[in-house]
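Here's the letter readout for the chains.
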Amino acid sequence: MKTLIVYAHPEPKSLNGSLKDLAVSTLETAGHEVRVSDLYAMNWKAVVDAADYGPNASSRLKVALDSGRAFDAGTLTPDVLAEQEKLLWADTIIFQFPLWWYSMPAILKGWVDRVFTYHFAYGVGEHSDTKYGERFGEGTLAGRKALLSVTAGGPESHYADRGINGPIDDLLFPIHHGILYYPGIEVLPPFVLYGADRMTDEDYPDVAKAWRQRLITLESTEPIAFRRQNFGDYEIPSLHLKEGLEPAGRTGFALHVRG
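These lines cover the structure that appears in this document, whether it is placed above or below. Within each chain, residue numbers correspond to sequence positions counted from 1 in written order. Only residues with pLDDT of at least 70 are given local features in this predicted model, and only at 80 or more are side-chain atom pairs given and counted; all residues enter the totals for whole chains, interfaces and linings. Only hydrogens and water are set aside when side-chain values are computed; all heavy atoms of the structure are taken into account.

## Some words on helix α3 (residues 78–89)
By definition, any uninterrupted DSSP run of H or I lasting at least four residues is a helix, any uninterrupted run of E lasting at least two residues is a strand, and each is numbered from the N terminus. Expected span, for any helix, means 1.5 Å times one less than how many residues it has. Relative to the 16 Å expected for 12 residues at 1.5 Å per residue, α3 spans 16 Å between its end C-alpha atoms, a close match to the ideal helical length. Classification of residues uses two cut-offs on accessible area relative to the type maximum, computed with a 1.4 Å probe and protein chains only: under 20% is buried, over 50% is exposed, and between them is partly exposed. Taken together, the buried positions of α3 are V80, E83, Q84, K86, L87 and W89. For α3, the secondary structure elements touched by its buried residues are β1 (2–7), β2 (33–38), α2 (63–73), β3 (92–98) and α4 (106–115). Contacts were defined at the residue level, with two residues in contact if any of their heavy atoms lie within 4.5 Å.

Right under this line is the structure:
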């Protein structure tokens, strides 16, 4: 297994840093190849601008179209090209980050904004009466799996169905479905550590044991059963889920999960 770890935390001695290091050692000991993109250590540029697209940047910047032209021409900046190459190399991607303000850190969102360019992560495939491009189950990154390893400051009860923060599956849906599944990546159930701000050194051995178990079972873990866009569940071109496919009473984001 070839695994890319995209790591986003500014403190190497943090819990996130420890989980990243443990992932590297566990996977390498098991005989897997591992690469790490340590975004803070790389001083990753988080903002999209015209410099990303060089001669392919238009005089009135059009991020999608300009990024696609630069991708097609091979003129994207070297840092972006290197990350795209890592994604194509990997068959598994682990994202290690803290949940900050109900989402990923800005530096990681900036990695997505710059690396997932038009014609690479989206804007591919045919548009016809039966297909709406290759996305949500198809696309450039199909055949790969991804796992979010996330630390959250609050207790687990705060992220339950009736919890004040909302269900963790709903909070992560924009990343799971909208960022990862969109270009074809199969998404594994997340590894979430709650109460991270209150965790002690005495708690860590149990955390490490649980994380190792997830890591050594990555290849056998079933992905979240998101519905594929072009395989009959959605009307095209409206992309509305067809009536009657959902279990009784199911609403919201969960409509887009089979079973």
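## Side note on the packing of helix α1 (residues 15–29) against helix α6 (residues 204–216)
The convention used is that axes are lines fitted to C-alpha atoms, helices contributing only their stretch in contact, and that angles between N-to-C directions extend from 0 to 180 degrees. Running from N to C, α1 and α6 cross one another at 45 degrees; their axes reach a closest spacing of 10 Å. Considering the angle they form, α1 stands oblique to α6. Every pair of crossing elements has a handedness; the one defined by α1 and α6 is right-handed. Counted together, L15, S18, L19, L22, A23, T26 and L27 of α1 and Y204, V207, A208, W211, R212, L215 and I216 of α6 form the full contact between these two elements. The scheme is simple: roughly parallel for angles under 35 degrees, roughly antiparallel for over 145, roughly perpendicular for 65 to 115, oblique for anything else. Crossings are assigned a handedness: left-handed for a near helix turned anticlockwise from the far helix by less than a right angle, right-handed for a clockwise turn.

## Brief notes about the nonpolar core
Among buried residues, those of type Ala, Val, Leu, Ile, Met, Phe, Trp, Tyr and Cys that are joined through side-chain atoms within 4.5 Å constitute a nonpolar core. Membership of the largest hydrophobic core comes to 45 residues, with the highest contact counts inside it found for F95 and W111. Of all the elements in the fold, those that place two or more residues in this core are β1, α3, β3, α4, β4 (145–151) and α5 (168–181). Discounting residues that sit within four places of it in the chain, F95 has contacts with V6, L108, W111, A146, L147, L148, S149 and L180.

## What about the packing of α3 against α4?
Running from amino to carboxyl end, α3 crosses α4 at an angle of 90 degrees, the nearest separation of the two axes being 10 Å. Taken together, α3 and α4 sit at an angle that is classed as roughly perpendicular. Only W111, R114 and V115 of α4 make contact with α3, whose side of the interface consists of D79, V80, E83, Q84 and L87. Following the grouping adopted for this structure description, the nonpolar residues are Ala, Val, Leu, Ile, Met, Phe, Trp, Tyr, Cys and Pro, the charged ones are Asp, Glu, Lys and Arg, and the polar ones are all others, Gly among them. Here the contact of α3 with α4 is built from residues that sort into 4 nonpolar, 1 polar and 3 charged.

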